[in-house]
Amino acid sequence: MLYKARCHFYNGSSMHRESGDAHPLLITTIVLAVLTVGLSGFGVWAFVNYQEQKNNVDSIVVSAVDDAKKAQIDADQASFAEQEKLPTRQIIGPTDLGKVTFSYPKTWSVYIDRDGTGANGTYEAYFYPGAVPPLSKETPYALRTTITSAKYETVLATFNERLKTGKLKASPVTVSDVDGTRLDGEFSDTVRGSMVILKIRDKTLQIYTQAESFKADFDTYILKTIEFNK
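This text gives an overview of the structure that appears in the document. (Residues numbered from 1 in each chain as written. Predicted model: local features only at pLDDT ≥ 70, side-chain atom pairs only at ≥ 80, totals over all residues. Heavy atoms only, no water.)

1. Things to note about helix α4 (residues 215–222)
Convention followed: Per-residue accessibility, obtained with a 1.4 Å probe over protein chains only, is compared with the maximum for each type, and a residue is labelled buried under 20%, exposed over 50%, and partly exposed between these values. The way it works is that DSSP assigns letters per residue, a run of H or I at least four long becomes a helix, a run of E at least two long becomes a strand, and they are numbered from the N terminus. Here the arc refers to the directions that run from the helix axis out to each C-beta atom.
Taken residue by residue, α4 has Asp217, Phe218, Tyr221 and Ile222 as its buried positions. Looking down the long axis of α4, one finds its buried residues gathered within 105° of arc, a one-sided arrangement.

Printed below as a string of structure tokens:
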């Protein structure tokens, strides 16, 4: 009996020590497992976040490259279009109407509707890139030139209403050493552009672009090259 009791006491003590030794190992294992899972989760999150950032950067780079390419193409096309306008052509009006001359892009065509002969002696010419569209008040021509026997003050007065409402703005201009008036703005519901009105002896010249898109050509090629008999 004494032997059995001793054996029982010994076995209980051994089990107690084994159980006590297992606790730190179990805790360490659990901690390591949690850390492993946490690090794995962080790694996945970091990788996903990196991929998203990389995709965003790649998208921005691609967009920037595309924009740069488009800008270069637009610049090249604009430069080519400008080169195509040169050398310019020259038009010469009737001598008895002041012999108005000026240059215009060679890519434009001209249609002379009235040549200055006849009862009223009016000269009227229309200009447009390529072919000149059929004559219409609704068509915004690249350039329209009119020389009439109407007085300068009378022609200018026809725009008083739009000047009063602010649809048109008037400013002084000097062309070929002759003072005149420049009008910019809305000439009608469909025509918006710029016009220069000049007195040529007993005649009046109206020369204007009927679209904002031709304003640069109007200022560069037309106004700077106008000449006439004073």
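2. Some words on the pattern of salt bridges
We count it as follows: Just to be clear on terms, a salt bridge is a Lys or Arg side-chain nitrogen sitting within 4 Å of an Asp or Glu carboxyl oxygen.
For the structure shown, the criterion picks out eight salt bridges. Arg182 is the partner of Asp184 in a salt bridge, and the nearest nitrogen-oxygen pair spans 3.1 Å. Arg182 sits in the buried class, given a relative accessible area of 13%. Of the charged contacts in the structure, one is a salt bridge between Arg192 and Glu212, with a shortest N-O distance of 3.4 Å. Here Glu212 lies in the loop between β9 (203–209) and α4 and Arg192 lies in strand β8 (residues 192–200), a separation of 20 residues in the sequence. The class for Glu212 is partly exposed, based on a relative accessible area of 40%. Members of the salt-bridge network, linked through shared partners, are Arg182, Asp184, Lys215 and Asp219.

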